[in-house]
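A structural walkthrough
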Amino acid sequence: MVFKDEIVNRSQKFADTCDLDEQLTQIARCLTGTSGKFGMIFCGGVGNGKSTMMKAIQTLLNYMRIPYYNTVYGLRIKDAKSINEMNLHNYNTFLDVSRCPLLGIDDLGTEPLMVMDYGNEKTPIVDLLSMRYENRLFTIVTTNLTPKQIRERYGERIADRFNEMMEVVIFKNPSYRRAREA
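On a predicted model such as this, the values are computed, not experimentally measured, just so you know.

Turning to the pairing of strand β9 (residues 167-171), a few remarks are in order. In β9, alternate side chains face the same way, and those of Glu167, Val169 and Phe171 are buried while those of Val168 and Ile170 on the opposite face are not. Pairing between strand β1 (residues 39-44) and β9: 5 bridges, direction parallel. Its bridge partner lying in β9, Ile41 is registered against Val168.

Moving on to the sheet that holds strand β5 (residues 102-108). In a beta sheet, neighbouring strands pair by backbone hydrogen bonds and run either parallel or antiparallel. Spatial ordering of the open sheet is given by β4-β5-β8-β1-β9, a layout of 5 strands whose pairing is parallel. Two strands bound the open sheet, and with one partner strand each, they are β4 (76-79) and β9. Ignoring strand direction, the axes of neighbouring strands in this sheet form an average angle of 15°. Sheet topology places β1 next to strand β8 (residues 138-143); 5 bridges connect them, and they run parallel. Residue pairing in the sheet places Phe42 in a bridge with Thr142 of β8. Strands β1, β8 and β9 of the sheet are contacted by helix α2 (residues 18-31), whose axis makes an angle of about 160° with β9.

So, about helix α4 (residues 80-89). Within α4, the full set of buried residues consists of Ala80, Ile83, Asn84, Met86 and Asn87. One side of α4 carries all its buried residues, which in axial view fall inside an arc of 160°. Against β4, α5 (91-99), β5, β6 (115-117), β7 (120-122) and α6 (124-134) lie the buried residues of α4.

To continue, consider a nonpolar patch on the surface. On the surface, a cluster of nonpolar side chains totalling about 430 Å² of accessible area is made up of Leu31, Leu60, Tyr63 and Met64. No other element matches helix α3 (residues 50-64), which puts 3 residues into the nonpolar patch.

What follows covers the packing of α4 against α6. Contact geometry for α4 and α6: axes closest at 9 Å, N-to-C directions at 95°. Here α6 runs roughly perpendicular to α4, going by the angle between their axes. Between α4 and α6, the residues in contact are Ala80, Ile83, Asn84 and Asn87 and Pro124, Ile125 and Leu128, respectively. Each residue belonging to the contact of α4 with α6 can be placed in one class, and the counts come to 5 nonpolar, 2 polar and no charged.

This brings us to α6. Most of α6 is tucked away: 8 of the 11 residues are buried. Listed as buried for α6 are Pro124, Ile125, Val126, Leu128, Leu129, Ser130, Arg132 and Tyr133. One or two positions beyond α6, positive phi appears at Arg136, with a value near 50°.

Among the 7 residues of β5, 6 are classified as buried, and the element is accordingly described as predominantly covered. Across 4 bridges, β4 lies against β5 in parallel orientation. Considered in β5, the bridge of Ile77 is made with Gly104. Of the pairings in the sheet, the one linking β5 to β8 comprises 5 bridges and is parallel in character. Within β8, the position partnered with Leu103 by the bridge is Thr139.

Thresholds, definitions, all that
- Residues numbered from 1 in each chain as written.
- Predicted model: local features only at pLDDT ≥ 70, side-chain atom pairs only at ≥ 80, totals over all residues.
- Heavy atoms only, no water.
- Buried < 20%, exposed > 50% of the residue type's maximum accessible area, 1.4 Å probe, protein only.
- Helix = DSSP H or I, 4+ residues; strand = E, 2+ residues; numbered from the N terminus.
- Pairing = 2+ DSSP bridges.
- Axes fitted to C-alpha atoms, helices over the stretch in contact; angles between N-to-C directions.
- Contact = heavy atoms within 4.5 Å.
- Arc of directions from axis to C-beta.
- Patch = residues over 30% accessible without salt bridge, like charges linked within 9 Å, V, L, I, M, F, W, Y side chains within 5 Å.
- Areas by Shrake-Rupley, 256 points an atom, 1.4 Å probe, with all protein chains shown as cover.
- Salt bridge = Lys/Arg side-chain N within 4 Å of Asp/Glu carboxyl O.
- Parallel < 35°, antiparallel > 145°, perpendicular 65-115°, else oblique.
- Nonpolar A, V, L, I, M, F, W, Y, C, P; charged D, E, K, R; others polar.

Limitation: the analysis is restricted to geometry and does not speak to function.
This is the structure in structure tokens:
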């Protein structure tokens, strides 16, 4: 199992639980296209495997080498803060990331919601998510925010689009990092 390998590679102890089985079932349903969604959002507390799961999906997709025009599908992973920085300092790279077929956004909610660019207010994450929604581009998001907090932070419009486009996977398990300390 790729997820188990990612856990072990991070020097953590893997624990197979009922919650993990449910998470994997939801993820498999989304990846195989039976859920009707074109993305996933992993919500839960810190350290409980959301980013590791996204990295495992990236490893799996890269291993499968799915052809896409003159290249292969691969999941690009960027953290939310760096997406904001790209928008301000390298807009062409921001556009390239925005348009890639498979994108992982790590740690949604850690970035400033609004940034100033020469006196203009910009909302890079909201703009990127709206564009991906309009173009039905597969997106995985990790966040420590609850669905209610997402609605409060990003507004009704983005929350509603998330509901349509993303399978919500709740990570209930405790932190893998705390388990190692014990």
